[in-house]
Amino acid sequence: MELDLRFFATFREAVGQKELTSSFEEGTTVGGVLGALEGEYDDLEGELLEDGEIRPQLSVLKNGRDVVHMEGPDTALEEGDTLSVFPPVAGG
């Protein structure tokens, strides 16, 4: 299945582009995609997952909805979904 992936701030720099479309096996979860991204992009290694969970302060949206309000890394993905990944935001 194909998914649209969007990256912001430092994650955009790590991937080298703002958006890309990637193919994954049917039944892939958010955690599976994040793990694959960590394996593919050296600058993302250890930045997305921690002990199988999405790292604290990281925002991951499936079709505009935060996956923390769904099933976290176990959130199922379907053909054509958009996954947006935001690094922690600091400031005040």
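Residues numbered from 1 in each chain as written. Predicted model: local features only at pLDDT ≥ 70, side-chain atom pairs only at ≥ 80, totals over all residues. Heavy atoms only, no water.

(A) Layout of the nonpolar core. Counting 24 residues, the largest nonpolar core has Leu 5, Leu 34 and Leu 37 as its most contacted members. Listing elements by their share of this core, those giving two or more residues are strand E1 (2-7), helix H1 (10-15), helix H2 (30-40) and strand E7 (82-86). No other element matches the four residues that H2 contributes to this core. Discounting residues that sit within four places of it in the chain, Leu 34 has contacts with Leu 48, Leu 49, Ile 54, Val 60 and Val 85. (Core = buried A, V, L, I, M, F, W, Y, C linked by side-chain atoms within 4.5 Å. Buried < 20%, exposed > 50% of the residue type's maximum accessible area, 1.4 Å probe, protein only. Helix = DSSP H or I, 4+ residues; strand = E, 2+ residues; numbered from the N terminus. Contact = heavy atoms within 4.5 Å.)

(B) Structural detail: the pairing of strand E2 (residues 19-23). Where burial is concerned, the two faces of E2 differ: the one with Leu 20 and Ser 22 is buried and the one with Glu 19, Thr 21 and Ser 23 is not. In this sheet, E2 lies alongside E1 in antiparallel orientation, the contact comprising five bridges. Counterpart to Leu 3 in the pairing with E2 is Ser 22. (Pairing = 2+ DSSP bridges.)

(C) Up close: the pattern of salt bridges. Applying the stated criterion to the full structure yields three salt bridges. Here Arg 6 makes a salt bridge to Glu 19, at a shortest N to O gap of 3.8 Å. Taken together, the positions of Arg 6 in strand E1 and Glu 19 in strand E2 put the pair 13 residues apart, joining distant regions of the chain. Since its relative accessible area comes to 44%, Glu 19 is described here as partly exposed. The shortest N-O distance in the salt bridge between Lys 62 and Asp 81 comes to 3.8 Å. Of this pair, Lys 62 sits in strand E5 (residues 59-62) while Asp 81 sits in the loop between strand E6 (65-66) and E7, and the two are 19 residues apart along the sequence. As far as the burial class goes, Lys 62 and Asp 81 line up, both buried. (Salt bridge = Lys/Arg side-chain N within 4 Å of Asp/Glu carboxyl O.)

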